[in-house]
Structure formats: C-alpha cells, structure tokens
Amino acid sequence: MASLIREWTGIQQFPSATQTKMLELLGKLKQENVNSLTILVMGKGGVGKSSTVNSIIGERVVAVSAFQSEGPRPVMVSRSRAGFTLNVIDTPGLVEGGYVNDQALEIIKRFLLNKTIDVLLYVDRLDAYRVDNLDRQVVRAITESFGKEIWNRGLVVLTHAQLSPPDALSYEDFFSRRSEALLKVVRMGARIKKQDMQGSSIPVVLVENSGRCNKNDCDEKIVPNGTAWIPNLVKTIAEIVSNGSKGILVDKKLIEGPNPNERGKIWIPLILAFQYFFIVKRIQRAIKDDIAKESKPAWE
Ligand code: GDP
Ligand code: MG
C-alpha cells in the first residue's frame, strides 16, 4: 500500500521517562520481528474509548464527547516510529437503546475486512459498580463476530481509574472486585470455561484519561496505585502480542460466518430416512398386520 503513514510525533509529548520505556518496548517487539501492531478498541458508548486512543497516540486524533453519541464509523489512526507502525482502531459504542447495536457491529466488521487484530482493548469504567446482562451481550457480540480466540488477544481497560472507593474499601480491594466482576462477565459472554484459561487470565489495566490525572516525580500520569499507566498499558499490550497466541485475521469467512439458512441442512436426509424407516414403515406394517388379522365379517 502506498499510503503515507504519519510519523508518530505524539510520542514526544510524553515525559522522557515514558518515552524511554515506550521506545524500549517497541525495540523489544521489533526484536521479535513484530514491526506493526493493530489495536482494536471496543466497548459501550461513553466509557472512554476515544479518550484512551488519544492518550496512547499522544495527540487528539479522535473526537471525544461527553454527551453526543459517537459517529457511526470506526476510525483507524496509524503512526510510525523508527520502522514500527502502530494502528489504533477506535469504534462507535456497541450499545444503543439498551441493546447491542447489530448494525454498528456489522459496520465495524466490514471496516476490519482483511485486517489482522493484534490486540483487543475492551474498555469499561472502573467507577461503575455493577455488571449486567448488557455487558454480557456486548462480550457475546464481540465473541460471535471474531471468535473466542479474540480473548487470547484481549485486555480489559478500566478508565476513570482516579477515584476514591466507596464503602471504606481500599483501592486495591475495589479494583480487584470490579475486575473480577467484569472478567466473570467476559468469561460468561465469551463462553470461556475456567479450566480453558490455562492460568493465563485476561489482563486488566487501569487508565486515567483526565487532564487532572496525578503525576509522579518524572511527570508521568499515574493511577492511585502509583503505576505510570501509559507505559504500563503499552507493556501489557506488548506482553499479549508475545503470549504465543495468534492475531485474528478478519477475512470474508469470519465476517459472513456460517449462514443460518445453511446451518443444519446436512440433517435433512437423515431426518427423512429416519421418518421413512421408523414411522412410515411402521405404519405400513401395522396396517398389513391389521388386514391379516382381520377376521372375515360374518356376511361374507
Ligand atoms: P467513548 O464514547 O467510549 O469514546 O468515550 P469518550 O472517550 O468520548 O469519553 C466520554 C467522556 O468521558 C468524555 O467527556 C471524556 O472526557 C470522559 N472520559 C473518558 N475517559 C476518562 C477518564 O479516564 N477519566 C475521566 N475523568 N473522564 C474520562
Ligand atoms: Mg468514542
């Protein structure tokens, strides 16, 4: 493709401590022959997907809005740095009017045609206290679109990480409870059995996109547990890429999936044969028997 990919200048906006860590991580990936990464960002509306994309790139590349609903189309932002290309795909929220918006999902799938998803960021807020059936439906819709394997390449991002937990819970306790609840929903929605996880559970990463995010002595944005979150997020992404699983190639077959009208067609001859031998034959035999048994009427 001859399209010109912009230089990743946003990286220079990061404090030098973050820049050093990021370049180190990119260097490591290049050593493993990973020269490009495509990150797909999904989740419900208003959870901070677009803000997270902007935070990673270090520029305001996609629109963020508290009140408006998002545009209907996904947007891919590509940046290159020292021979490494980063693609981040921001998507519209998957929920509308209390349901998963299948049309939005369809548009996302078509947008992704012939692309390989290296990492899925499933975004939600840390400062939400409940998970419900809708969360499960969103996870199920993602799973049905891209296959269960997408979760080998998935991580959960929790935005709004700078909060004071309610009910006198410690931050760590609150974080682990919220992560556990969400991961449970992800496992249920993705129909992943606990024993299938092979100990490698889906990582959960804290994110704080707000300009009022606290900073450490190196001027890096930190979440309340003290972690500089941008390098931590990139580190977790790099670990996922190196975890031995495969990226998800979105091809025509994956997008179109098994045609529901075709599904089950192979059973039709079997069912017909069954009906013939076990039902039609039986009835015929019963009639024959009846005729044979029938004693001749007296008048004959
Ligand atoms: P999207 O609909 O998932 O793309 O969400 P946006 O990125 O557009 O964010 C929705 C609103 O939440 C905006 O007003 C953002 O400024 C705000 N927001 C997003 N992430 C954070 C965060 O980590 N902390 C805080 N305090 N606000 C956030
Ligand atoms: Mg958005």
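Calculation notes
- Residues numbered from 1 in each chain as written.
- Chains lettered and ligands numbered in written order.
- Predicted model: local features only at pLDDT ≥ 70, side-chain atom pairs only at ≥ 80, totals over all residues.
- Heavy atoms only, no water.
- Helix = DSSP H or I, 4+ residues; strand = E, 2+ residues; numbered from the N terminus.
- Rg over C-alpha atoms; globule rule 2.2 N^0.38 Å.
- Buried < 20%, exposed > 50% of the residue type's maximum accessible area, 1.4 Å probe, protein only.
- Contact = heavy atoms within 4.5 Å.
- Areas by Shrake-Rupley, 256 points an atom, 1.4 Å probe, with all protein chains shown as cover.
- Domains from an automatic or database assignment.
- Near = heavy atom within 4 Å.
- Polar contact = N/O pair within 3.5 Å; in protein donor to acceptor, adjacent residues only side chain to side chain.
- Axes fitted to C-alpha atoms, helices over the stretch in contact; angles between N-to-C directions.
- Parallel < 35°, antiparallel > 145°, perpendicular 65-115°, else oblique.
- Left-handed = near helix turned anticlockwise from the far one by under 90°.
- Nonpolar A, V, L, I, M, F, W, Y, C, P; charged D, E, K, R; others polar.
- Lys, Arg positive; Asp, Glu negative; His and termini not counted.
- Salt bridge = Lys/Arg side-chain N within 4 Å of Asp/Glu carboxyl O.
- Phe/Tyr/Trp six-rings, centres within 6.5 Å; stacked < 30°, edge-to-face > 60°.
- Lys NZ or Arg CZ within 6 Å of the ring centre and 35° of its normal.
- 1 Å grid on protein atoms, 1.4 Å probe; cavity = no way out; pocket = protein on both sides within 12 Å on 5 of 7 lines; lining within 4 Å.
- Points joined across faces, edges and corners; volume = space filled by probe spheres on them.

Peer 1: What am I meant to see in the overall build of the protein chain here?
Peer 2: Regarding its fold elements, the protein chain presents eight helices and eleven strands. The C-alpha atoms of the protein chain give a radius of gyration of 27 Å, which is well past the 19 Å a tight globule of 300 residues would have. Here the protein chain holds 300 residues, and the buried ones make up 43% of them. Long-range pairs, those at least 24 residues apart, make up 74% of the contacts in the protein chain with a sequence separation of at least 6. Within the structure as shown, the protein chain displays about 17700 Å² of accessible surface, and the carbon and sulfur contribution to it stands at 52%.

Peer 1: Help me understand the domain arrangement of the protein chain in this model?
Peer 2: Taken domain by domain, the protein chain holds domain 1 (6–256) and domain 2 (260–293). Taken over C-alpha atoms, the centre of domain 1 sits 54 Å from the centre of domain 2.

Peer 1: Honestly, the site of ligand 1 in this entry has me stumped. Any pointers?
Peer 2: Residues in close proximity to ligand 1 total 18 residues, the closest being Gly 46, Lys 49, Ser 51, Glu 208 and Asn 209. Within the backbone of Lys 49, an N or O atom sits 2.8 Å from an oxygen atom of ligand 1. Within the backbone of His 160, one N or O atom sits 2.9 Å away from an oxygen atom of ligand 1. Considered on its own, ligand 1 offers 570 Å² of accessible surface; in the complex 81% of this is hidden by protein.

Peer 1: What is the right way to look at the packing of helix α4 (residues 133–146) against helix α5 (residues 171–189) in this model?
Peer 2: When two helices pack together, their arrangement is captured by the angle between the axes and the distance separating the axes. One way to put it is that α4 packs onto α5 with a least axis distance of 8 Å and a crossing angle of 45 degrees. Comparing their axes, α5 and α4 come out oblique. Remark: the crossing between α4 and α5 carries right-handed chirality. Contact residues: α4 offers Asp 135, Arg 136, Val 139, Arg 140 and Thr 143, while α5 offers Val 185, Val 186, Met 188 and Gly 189. Residue composition of the contact of α4 with α5, by class: four nonpolar, two polar and three charged.

Peer 1: How should the side chain of Arg 81 be read in this particular structure?
Peer 2: Of note, Arg 81 is situated in strand β3 (residues 75–81). Within the buried set, Arg 81 has no salt-bridge partner at all; the shortest N-O distance to an opposite charge, 4.7 Å, is to Glu 7. The residues contacting Arg 81, other than those within four sequence positions of it, are Glu 7, Trp 8, Ile 11, Gln 12, Leu 23 and Leu 26.

Peer 1: Whenever I open this one, the packing of aromatic side chains confuses me. Can you help?
Peer 2: For any pair of aromatic rings, geometry is given as the distance between the ring centres together with the angle between the planes. Using the criterion set out here, one finds four aromatic pairs in the structure. With centroids separated by 5.7 Å and ring planes inclined at 70 degrees, the aromatic side chains of Tyr 129 and Phe 174 adopt a geometry described as edge-to-face. Of this pair, Tyr 129 sits in the loop between β8 (119–125) and α4 while Phe 174 sits in helix α5, and the two are 45 residues apart along the sequence. Exposure remark for Phe 174: the relative accessible area of 6% places this residue in the buried category. Lys 115 extends its terminal NZ or CZ atom over the ring of Phe 111, reaching a point 4.7 Å from the ring centre.

Peer 1: Sorry if this is basic, but what is going on with empty space enclosed by the protein here?
Peer 2: Unfilled space is identified by rolling a water-sized probe across the atoms. Under the defined criterion, the tally for this structure stands at one cavity of 30 Å³ or more. Its boundaries defined by the atoms lining it, the largest cavity holds a volume of some 90 Å³. Where the lining of the largest cavity is concerned, the elements lending two or more residues are α1 (16–31), β2 (36–43), β4 (84–90) and α6 (229–241). Classifying every residue of the lining of the largest cavity by side-chain character gives ten nonpolar, no polar and no charged.

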